[in-house]
Amino acid sequence: MSKWVWLNGQLVEREKAAISVFDHGILYGDGVFEGIRFYDRKVFKLDEHIDRLFNSAKIIMLEIPISKDELKKAVLLSCRESGLANGYIRPVVTRGSGALGLAPWRCSNPNIFIIVDTLQLYPQELYDNGMPIVTVATRRNIPEALNPMIKSLNYLNNIMAKIEAKNAGAEEAIMLNHDGYVAECTGDNIFIIRNGVIYTPPVYAGSLPGITMSTVIELAAGMGIKTVEKMFTRAEVYTSDECFLTGTAAEVVPVISVDGRIIGDGAPGVLTRKLVDAFKDYTRKSGTPVE
Ligand code: PXG
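Conventions used here
Residues numbered from 1 in each chain as written. Predicted model: local features only at pLDDT ≥ 70, side-chain atom pairs only at ≥ 80, totals over all residues. Heavy atoms only, no water. Domains from an automatic or database assignment. Contact = heavy atoms within 4.5 Å. Buried area = accessible area lost by both parts, 1.4 Å probe. Salt bridge = Lys/Arg side-chain N within 4 Å of Asp/Glu carboxyl O. Polar contact = N/O pair within 3.5 Å; in protein donor to acceptor, adjacent residues only side chain to side chain. Helix = DSSP H or I, 4+ residues; strand = E, 2+ residues; numbered from the N terminus. Patch = residues over 30% accessible without salt bridge, like charges linked within 9 Å, V, L, I, M, F, W, Y side chains within 5 Å. Areas by Shrake-Rupley, 256 points an atom, 1.4 Å probe, with all protein chains shown as cover. 1 Å grid on protein atoms, 1.4 Å probe; cavity = no way out; pocket = protein on both sides within 12 Å on 5 of 7 lines; lining within 4 Å. Points joined across faces, edges and corners; volume = space filled by probe spheres on them. Nonpolar A, V, L, I, M, F, W, Y, C, P; charged D, E, K, R; others polar. Buried < 20%, exposed > 50% of the residue type's maximum accessible area, 1.4 Å probe, protein only. Near = heavy atom within 4 Å. Pairing = 2+ DSSP bridges.

J.: Help me out: how do you make sense of the domain arrangement of the chain in this one?
T.: It is common to give the size of an interface as the accessible area lost on bringing the parts into contact. As far as domains go, the chain holds domain 1 (4-117) and domain 2 (124-285). Once you take the C-alpha centre of each, domain 1 and domain 2 turn out to be 26 Å apart. Facing 24 residues of domain 1, the contacting portion of domain 2 comprises 21 residues. Approximately 1,900 Å² of surface area, both sides summed, lies buried where domain 1 meets domain 2, with 62% of it carried by carbon and sulfur atoms. For the pair domain 1 and domain 2, the interface holds 1 salt bridge. The closest approach of N and O atoms between R37 and E251, which form a salt bridge, is 3.9 Å. There are 10 residue pairs in polar contact (both at pLDDT 80 or more) connecting domain 1 and domain 2. Going through the elements one at a time, α1 (24-28), β3 (31-33), β4 (36-39), α2 (46-59) and β6 (87-94) are the ones with two or more residues in the side of domain 1 that touches domain 2. By residue number, the principal contributor to the side of domain 1 that touches domain 2 is α2, which donates 5 residues.

This is the structure in structure tokens:
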């Protein structure tokens, strides 16, 4: 883990990095965040993550008081000072301290902080042999209430789904949207493969536009594999040839069973394995150097 947290323009020792209990990020989950990885001292898809952070902030009318370039520099500085070669970066922007009551205009300056740490989301065994997942009863937020494309500090929808998954003995859960179509998992996008074609739900199904998802779609195209964004049901997942999840934290994870139905022959699929390898290769080659 890094010794430092970047907080409002300064590197502060992690034990001393603190914000007020009156911050609306804490009181109401009023804020936005990103999760970014760096590999071999290169930050993966930095521009895309900073753009998404600013878009999330724009939707909730939170004006980030520094520029994209300043934030990128702060991310790179935080990585450099961590001394780590590989890790996970968590930039967070909160509404700031304010009076009680929802009103965001009664808050002073937004707080911005960046945490750098290592992160292995799942045991290696699940990457090698594939992960069993389940569908949970908790539906993904409907876009008309809280749009899932906002990466906000309100993750309770996903956290409740994650608890349900754990209670059912699984590490990850499929979340359906309000109409019963597959939306995504609690922290990852979902893909199925049938007859050599990849399918993933469109963002309007109720998912976060994943940066790992876009990367995997591009890598697949480079390998001559077509990806189609379309709505699908659980039944289509059960009968798919292959299934996998993508996310910055999770990376690319093969799925071997869903709600007790074995996917394919119960081992990570051939195309999934190729995509896992292509993704690994690409993460080592691309990215913004830390210095
Ligand atoms: N859907 C949701 C709901 C997410 O939170 C993704 C998809 C994948 O998006 P990216 O751009 O990362 O490919 C995410 C992001 C965690 C954790 O600790 C997971 C995410 C972000 C931060 C933390 O599990 N996933």
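From this point, the discussion proceeds with the structure in view.
J.: So what exactly am I meant to see when it comes to a nonpolar patch on the surface here?
T.: Together, V21, F22, L27 and L100 make up a nonpolar patch on the protein surface, roughly 390 Å² of accessible area in all. Mapped onto the fold, F22 is located in the loop between β2 (10-13) and α1.

J.: Before we go on, may I ask you to explain the layout of surface pockets in this structure?
T.: In this approach a probe as big as a water molecule rolls over the atoms, and the regions it shows empty are the leftover space. As a volume, the largest pocket reaches approximately 590 Å³. Residue lining of the largest pocket: 30 residues in total, with F33, K151, Y155, T186 and G187 positioned closest to the centre. Of all the secondary structure elements, the ones that give two or more residues to the lining of the largest pocket are β6, α5 (156-167), β10 (182-185), α6 (211-222) and β14 (242-247). Residues belonging to the lining of the largest pocket are distributed by class as follows: 12 nonpolar, 10 polar and 8 charged. Domain assignment of the residues forming the lining of the largest pocket places at least three in each of domain 1 (4-117) and domain 2 (124-285). What the second largest pocket holds in volume is close to 510 Å³. Lining the second largest pocket are 23 residues, and of these Q124, Y127, E251, K280 and R284 lie nearest its centre. For the lining of the second largest pocket, the elements supplying multiple residues, two or more each, are β4, α4 (124-129), β15 (251-258) and α8 (270-285).

J.: Please clarify how the side chain of R37 should be interpreted in this entry.
T.: Structurally, R37 is set in strand β4. You can call R37 buried: its relative accessible area is 8%. Among the polar contacts listed, one links the side chain of R37 to the backbone oxygen of A249, at a separation of 2.6 Å. The contacts of R37, once residues within four sequence positions are left out, are K42, V43, F44, G87, Y88, L119, T248, A249 and E251.

J.: Before we go on, may I ask you to explain the site of the ligand in this structure?
T.: Lining the immediate environment of the ligand, one finds 22 residues, of which Y155, E184, I211, T212 and T248 sit closest. A distance of 2.7 Å separates an oxygen atom of the ligand from a polar atom in the side chain of R52. Interatomic distance of 2.6 Å between a side-chain N/O atom of T212 and an oxygen atom of the ligand. Starting from 550 Å² of accessible surface for the ligand in isolation, the protein chains cover 90%.

J.: So what exactly am I meant to see when it comes to the pairing of β6 here?
T.: Residues in a regular strand project their side chains so that they alternate between the two faces of the sheet. The element β6 is largely enclosed, with a buried count of 7 among its 8 residues. In the sheet, β3 pairs with β6 via 3 bridges, with the strands oriented antiparallel. Following the sheet pairing, F33 is matched in β6 by V92. Inspection of the sheet shows β4 paired to β6 by 3 bridges, in the antiparallel sense. Along β6, the bridge assignment pairs I36 with I89. Note that β6 and strand β7 (residues 111-117) share 7 bridges and pair antiparallel. Looking across to β7, one finds that P91 is bridged to I114.

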